[in-house]
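Notes for the structure review
Here is how the chains run, residue by residue.
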Amino acid sequence: MRVLVVEDDVMIGAAVRQWLQRESYAVDWIRDGMRAASALIDEAYDLIVLDLGLPRKDGMELLGQMRKHGHPAPVLIITARDALADRVGALDAGADDYLVKPFDLDELAARLRALARRRGGRSEPAIEIGQLCMNPATHDVMLDNRRIHLTMREFSLLRILMEHPDRPFSRAELERRMYGWDEDVTSNVIEYYISALRRKLGPRWVRNLRGVGWLMPGNS
Ligand code: CA
């Protein structure tokens, strides 16, 4: 899952990025509204965390433009403006949720999980395919009632595949979804994590489509 964090406050931005990276998200952090607007054109984000008071382009204006152009990603507003009018205005302008600063990072992560669930059309916190079950909140992965231990990246990769069963992903797309801009992606790293998943879960869970990429069969 790739998250765009738009926040000009360095302390808050850095803390949010670090927290969400630990939660196995790929995170891009941008500090002004103009750069955020161009990033939204160039990149596909699954979730957006948006401050309202931003240099160069206000968060409300950015949100309005996003929705006008049909950008579908859920937006969570984080704002110091606790005036009721601002919150109502942001929700009416197409925001999906908001948090008033100062907020708890655990709560931010929980709200993002809820938005991701809603976007995926799920109400249950866990994702299940056959006997394989993962819980994005606790990072538990169970297969045939046995706990599977995954690294952060393996978990992140498995989550992408499980959220889109039967949909093939190319290496480039997986890299985009798993890594932020400031992270180095070494060559063959996706193949490395794919083979780790196949080893830990069993090869039938991750199918290799020659020349296309990989998918998780939905009827596993
Ligand atoms: Ca601000």
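In what follows, the structure referred to is the one given above.
It should be emphasised that the depicted structure is a prediction, and the values quoted were computed from it without experimental measurement.

1. Quick look at the overall build of the protein chain
A tally of regular secondary structure across the protein chain gives eight helices and 11 strands. For 220 residues, the compact-globule formula gives about 17 Å, and the C-alpha radius of gyration of the protein chain, at 18 Å, lands near that figure. C-alpha atoms of the protein chain, sized along the principal axes, occupy 50 × 35 × 30 Å. Out of the 220 residues in the protein chain, the part that is buried amounts to 47%. Relative to all contacts within the protein chain whose residues are 6 or more apart in sequence, the contacts with residues 24 or more apart total 58%. Approximately 10,700 Å² of the protein chain is accessible, and the part contributed by carbon and sulfur atoms is 49%. Within the protein chain, the 33 negative side-chain charges are centred at a point lying 6 Å from the centre of the 32 positive side-chain charges.

2. As for the sheet that holds strand β3 (residues 47-51)
On the basis of which strands lie adjacent, the open sheet formed by five strands has the order β2-β1-β3-β4-β5 and parallel pairing. Each edge of the open sheet carries a strand with a single partner, namely β2 (26-30) and β5 (97-100). Across the sheet, the axes of successive neighbouring strands diverge by a mean angle of 15 degrees, strand direction being ignored. Pairing geometry for β3 and strand β4 (residues 75-79), over four bridges, is parallel. Bridge pairing in β4 places Val49 opposite Leu76. Each of β1 (2-6) and β2 is contacted by helix α1 (residues 10-22), which is oriented at about 170 degrees to β2, the strand it contacts most.

3. Some thoughts on the nonpolar core
Judged by nonpolar contacts, the single largest core of 27 residues is most densely connected at Leu132, Leu158 and Met216. Counting only elements with at least two residues in this core, the list comes to β6 (127-129), β7 (132-135), β8 (140-143), α6 (152-163), α7 (171-178) and α8 (189-201). In this view, Leu158 contacts Leu132, Met134, Val141, Leu150, Leu197, Leu201 and Met216; residues no more than four positions away in its chain are not counted. Counting residues in each nonpolar core, the second largest holds 20 residues, with Leu54, Leu63, Met66 and Ala73 among its members.

4. A look at the coordination of the calcium ion
Protein coordination at the calcium ion comes from Asp8 (OD), Asp51 (OD) and Gly53 (O), with a distance range of 2.2 to 2.3 Å. If you list the donors of the calcium ion from N- to C-terminus, the spacing comes out as D-x42-D-x1-G. Residue Asp8 is found in the loop between β1 and α1, and its partner Gly53 is found in the loop between β3 and α3 (59-68); the two are separated by 45 residues along the sequence. When its relative accessible area of 32% is taken as the criterion, Asp8 is described as partly exposed.

Here is what the cut-offs are and how they apply
Residues numbered from 1 in each chain as written. Predicted model: local features only at pLDDT ≥ 70, side-chain atom pairs only at ≥ 80, totals over all residues. Heavy atoms only, no water. Helix = DSSP H or I, 4+ residues; strand = E, 2+ residues; numbered from the N terminus. Rg over C-alpha atoms; globule rule 2.2 N^0.38 Å. Buried < 20%, exposed > 50% of the residue type's maximum accessible area, 1.4 Å probe, protein only. Contact = heavy atoms within 4.5 Å. Areas by Shrake-Rupley, 256 points an atom, 1.4 Å probe, with all protein chains shown as cover. Lys, Arg positive; Asp, Glu negative; His and termini not counted. Charge placed at Lys NZ, Arg CZ, Asp CG, Glu CD. Pairing = 2+ DSSP bridges. Axes fitted to C-alpha atoms, helices over the stretch in contact; angles between N-to-C directions. Core = buried A, V, L, I, M, F, W, Y, C linked by side-chain atoms within 4.5 Å. Donors = N, O, S within 2.8 Å, 3.2 Å for Na, K, Ca; no water.

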